[in-house]
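Descriptive analysis of the structure
This is what each chain is made of:
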Amino acid sequence: MSPSSNVSRRTLTAAAGAAALAAAGGLGARPAHAADGGPTATDPAATDSTATDPTATDSTAPDPAAAPEADQTPTQFRGMWLTTVFNRDWPSRPGLPAETQRQELLALLDTAVDHRLNAVILQVRSTADALWPSPYEPWAAVLTGVQGRDPGWDPLDFAVREAHARDLELHAWFNPYRIATQPDPAQLVPDHPARQHPDWVVPYAGSLFYNPGLPEVRRFVQDAILDAVARYDVDGVHFDDYFYPYPVAGEVFDDDDAYRSHGGDFPDRAAWRRDNVDQLVRETAARIAELNRSPSTGSGRPRRPARFGISPFGVWRERSTDPLGSDTHGGLTSYDDLCADSRGWVRNGWLDYIAPQLYWSIGFAACDYAELAPWWAQVVRGTDTLLHLGEALYKAGDPDQSAPWQDPAELSRHLTLTQDLPEVRGNIFFTAGDVAGDPIGAMRQVVTDHYQTRVRPPH
C-alpha cells in the first residue's frame, strides 16, 4: 500500500509509472507496500531476483458459490489492496465512461468474493486528490484523465455499498503526504491546496510532498482524510508505508525551515521527523475514535466503527543496530530511513491493526519471511493490535524474481508457516489485479490450501 528493492509492493507495468514511483521513494512503489508499484533501488528485495522459468499448477479454482457462514471461528482477515495510482488496478485507464468504471470495480469486488476474501483496501487518496467529492482536495485524475474534473458519480459511496452487499469490508486507503509523482506544482489544478500553500510543499526526487514537520500540514491532511470517514460507512482507515519518502541517493529532503521552527526540543532531525509521524498517527487514531462515537455517517446511515491500520515497510530495525530489531540484513529500515516507528505505534496502542509488508520469500538471506513473521508476532503479543501480514502476490511468476517466486506454492507456504503463530490474524495480498490475473496460480493455491470456506474478519 509501501510496502525491498521492489518499490514496496509491486512491479509497475509501465516504465513511466515505475520511474515516477522510484522517484517518489517507493503502495500504497515502495521499496516495500510497493502498494503502488514495483522494485526500487532502495528495496532489499530487489536483490531477490534470479529469474527462472515459471511452472504453473492446475489448482482447483475457487468456488464463487461459497456463502459466508454466520459464526465462523476462528476469524481471519483476508484482504487485497485495490490500487488506483497510475490506474494500476482500477480504473483500467482514465476517461472511461462512468458505467464502465462501475462494472470494472464490481468485477474486482466479485473477484474478492470468488477467492473467499473478506476485505478490500481501496486506494481513495493516492496523490492529494480524492475518489469522493471532497471539500478539501480535487477529484483524482485517474477517473477522468483531468485532475479536478467531476466524474459524474461517487466512487467511494458506490464501493462501500457494493462491498457491503457482498459481505466484504471496505477499508479506505490514504497516502498522507504524497502530492504528485511529478515535480511541477503548475501541473496541479489552480485551486489545489499545494498551490495555495506553496510553503507546505517539499520537492524531492522528481515528486512533490507535503512537509510532515508543519503542524498546519498535519491538521490539513487529517481533515482531508477524515472527511471520508465522517461521510461514508468505511470499515477502516488505512495508511501504507509512505510517510517521509524513501531515500534516493544524492537527494535531500529540504525541511530546514520547519526543523528550525519546530525541532528545537529534539536531539537530532531524525528524532524530530519520527515524532512528526508519531503525531500524525496518534492524532488520527484519536479522531477516528471520536468519529466512531457518532451514531451515523454524514448521510444518516448507521455507522460501523472504523478501524485504523497501517501497512509499514516490513523491517522496523535490524538487530545489528538495535537488540529489539529483526535478524535481517537488507539495510533499509522504517525507523531509520523512513522515520516511521512502526513498532512504537503498536506498543503505544495507537493502531487497531498493523499489516507489515513482508514481500520476501521464505529463506531469502537478507530479509527472510520466516524470520520476520515471528518477529512481528512478538511485537503485537500482549497488545490489542491485530497482525495481518502483507503478501507479495505481485512477485509470483514475475520472471525477474528468484526461483521461490516461480513456484505457485510459495505464498501458500507463508500461510502454512504462520499457522503456528496465533498472533497472525490474517493476510493482505498486493494487489487486486494480481488476485484476478494470477498468472501461475499462486492465489488459487492459497485458496485451495487455506480458504476452503469464507470467514469473517476479526474485530
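First things first, this report covers the structure right here in the doc. (Residues numbered from 1 in each chain as written. Predicted model: local features only at pLDDT ≥ 70, side-chain atom pairs only at ≥ 80, totals over all residues. Heavy atoms only, no water.)

For the rest of this paragraph, the subject is the sheet that holds strand β10 (residues 386–391). Here we have 8 strands rolled up into a closed barrel, ordered β1-β2-β3-β7-β8-β9-β10-β11, and parallel in their pairing. One ladder, built from 4 bridges, connects strand β3 (residues 169–174) with strand β7 (residues 236–239); its direction is parallel. Looking across to β7, one finds that His171 is bridged to Gly236. Along the sheet face, helix α2 (residues 98–114) touches β1 (77–82) and β2 (119–125) and points at about 155 degrees away from the line of β1. Contacts between helix α11 (residues 369–380) and the sheet are confined to β9 (353–354), β10 and β11 (424–430), with β10 contributing the most and set at about 160 degrees to the helix. (Pairing = 2+ DSSP bridges. Helix = DSSP H or I, 4+ residues; strand = E, 2+ residues; numbered from the N terminus. Contact = heavy atoms within 4.5 Å. Axes fitted to C-alpha atoms, helices over the stretch in contact; angles between N-to-C directions.)

Okay, empty space enclosed by the protein next. Empty space within the largest cavity amounts to approximately 30 Å³. What lines the largest cavity is Phe77, His171, Arg307, Asp352, Tyr353, Leu386, His388 and Pro458. (1 Å grid on protein atoms, 1.4 Å probe; cavity = no way out; pocket = protein on both sides within 12 Å on 5 of 7 lines; lining within 4 Å. Points joined across faces, edges and corners; volume = space filled by probe spheres on them.)

Moving on, we get to the sheet that holds strand β5 (residues 201–204). Pairing is antiparallel across the open sheet formed by 3 strands, whose spatial order is β4-β6-β5. At either margin of the open sheet sits one strand with a lone partner, and together these are β4 (178–180) and β5. When the angles between neighbouring strand axes are averaged without regard to direction, this sheet yields 35 degrees.

Before going further, it helps to examine the side chain of Arg454. On the secondary structure map, Arg454 appears in the segment after α14 (442–450). For the buried Arg454, which has no salt bridge, the nearest side chain bearing the opposite charge is Asp167, at an N-O separation of 5.2 Å. A distance of 3.3 Å separates a polar side-chain atom of Arg454 from the backbone oxygen of Arg166. (Buried < 20%, exposed > 50% of the residue type's maximum accessible area, 1.4 Å probe, protein only. Lys, Arg positive; Asp, Glu negative; His and termini not counted. Salt bridge = Lys/Arg side-chain N within 4 Å of Asp/Glu carboxyl O. Polar contact = N/O pair within 3.5 Å; in protein donor to acceptor, adjacent residues only side chain to side chain.)

If you add up the space inside the largest pocket, you get close to 400 Å³. Looking at the largest pocket, it is lined by 16 residues, and the ones nearest its centre are Thr127, Asp129, Ala141, Gln147 and Thr181. Among the elements of the structure, α3 (141–144) and β4 are those that each provide at least two residues to the lining of the largest pocket. Its residues assigned to classes, the lining of the largest pocket comprises 8 nonpolar, 7 polar and 1 charged. When its volume is computed, the second largest pocket comes out at roughly 340 Å³. Taken together, 17 residues line the second largest pocket, and the ones lying closest to its centre are Pro74, Thr75, Gln76, Gln419 and Val424. Mapped onto the lining of the second largest pocket, the elements with two or more residues apiece are α12 (410–418) and β11. (Nonpolar A, V, L, I, M, F, W, Y, C, P; charged D, E, K, R; others polar.)

The subject of this paragraph is helix α6 (residues 215–231). Over its 17 residues, α6 runs 24 Å from end to end, which matches the ideal 24 Å to within 8%, given 1.5 Å per residue. The axis of α6 is deflected most strongly, by about 25 degrees, at Ile225. Those residues of α6 that sit buried are Val217, Arg218, Phe220, Val221, Gln222, Asp223, Ala224, Ile225, Leu226, Asp227, Ala228 and Val229. (Expected span 1.5 Å × (residues − 1). Bend = angle between axes of the 7 residues up to and from the residue.)

We now examine the pattern of salt bridges. This model, assessed by the stated rule, comprises 25 salt bridges. Taking the shortest distance from any N to any O, the salt bridge between Glu371 and Arg319 comes out at 3.8 Å. Pair noted here: Glu371 is in helix α11 and Arg319 is in the loop between β8 (307–310) and α9 (334–337), with a separation of 52 residues, a long-range link. For Arg319, a relative accessible area of 45% puts it in the partly exposed group. Several salt bridges share partner residues, and in doing so they unite Asp255, Asp256, Arg269 and Arg273 into one network.

On a regular strand, one side chain projects to one face of the sheet and the next to the other, so that they alternate. Neither face of β7 is exposed, since Gly236 and His238 on one face and Val237 and Phe239 on the opposite face are all buried. Here β7 runs beside β8; their pairing, made up of 4 bridges, is parallel. Pairing of Phe239 across the sheet is with Ile310, part of β8.

What the rule picks out here adds up to 25 aromatic pairs. Geometrically, the ring pair formed by Trp81 and Phe430 is tilted, given 6.3 Å between the ring centres and 55 degrees between the ring planes. With Trp81 in strand β1 and Phe430 in strand β11, this pair connects stretches of sequence that are 349 residues apart. One exposure class covers both Trp81 and Phe430, and it is buried. Three or more aromatic residues link up through ring pairs in this structure, and these residues are Trp81, Tyr359, Tyr394 and Phe430. One residue, Arg102, lies across the ring of Trp153, its end atom 5.3 Å from the ring centre. A cation over a ring is seen here: Arg274 above Tyr335, with NZ or CZ 3.9 Å from the ring centre. (Phe/Tyr/Trp six-rings, centres within 6.5 Å; stacked < 30°, edge-to-face > 60°. Lys NZ or Arg CZ within 6 Å of the ring centre and 35° of its normal.)

Let us look at the pairing of β8. Residues of β8 alternate between two faces, with Arg307 and Gly309 on one and Phe308 and Ile310 on the opposite face, all of them buried. Taken together, the 2 bridges between β8 and β9 define a ladder with parallel strand orientation. Each residue of the ladder has a partner; that of Ile310, found in β9, is Ile354.

Turning to the packing of α6 against helix α8 (residues 269–292), a few remarks are in order. Remark: α6 packs on α8, axes separated minimally by 10 Å, with the N-to-C direction vectors making an angle of 30 degrees. Between α6 and α8, the angle falls in the class roughly parallel. Helix-helix and strand crossings are classified by hand; for α6 and α8 the assignment is right-handed. Touching Arg218, Arg219, Val221, Gln222, Asp223, Leu226, Val229 and Ala230 of α6 are Asn276, Gln279, Leu280, Glu283, Thr284, Arg287, Ile288 and Leu291, all from α8. (Parallel < 35°, antiparallel > 145°, perpendicular 65-115°, else oblique. Left-handed = near helix turned anticlockwise from the far one by under 90°.)

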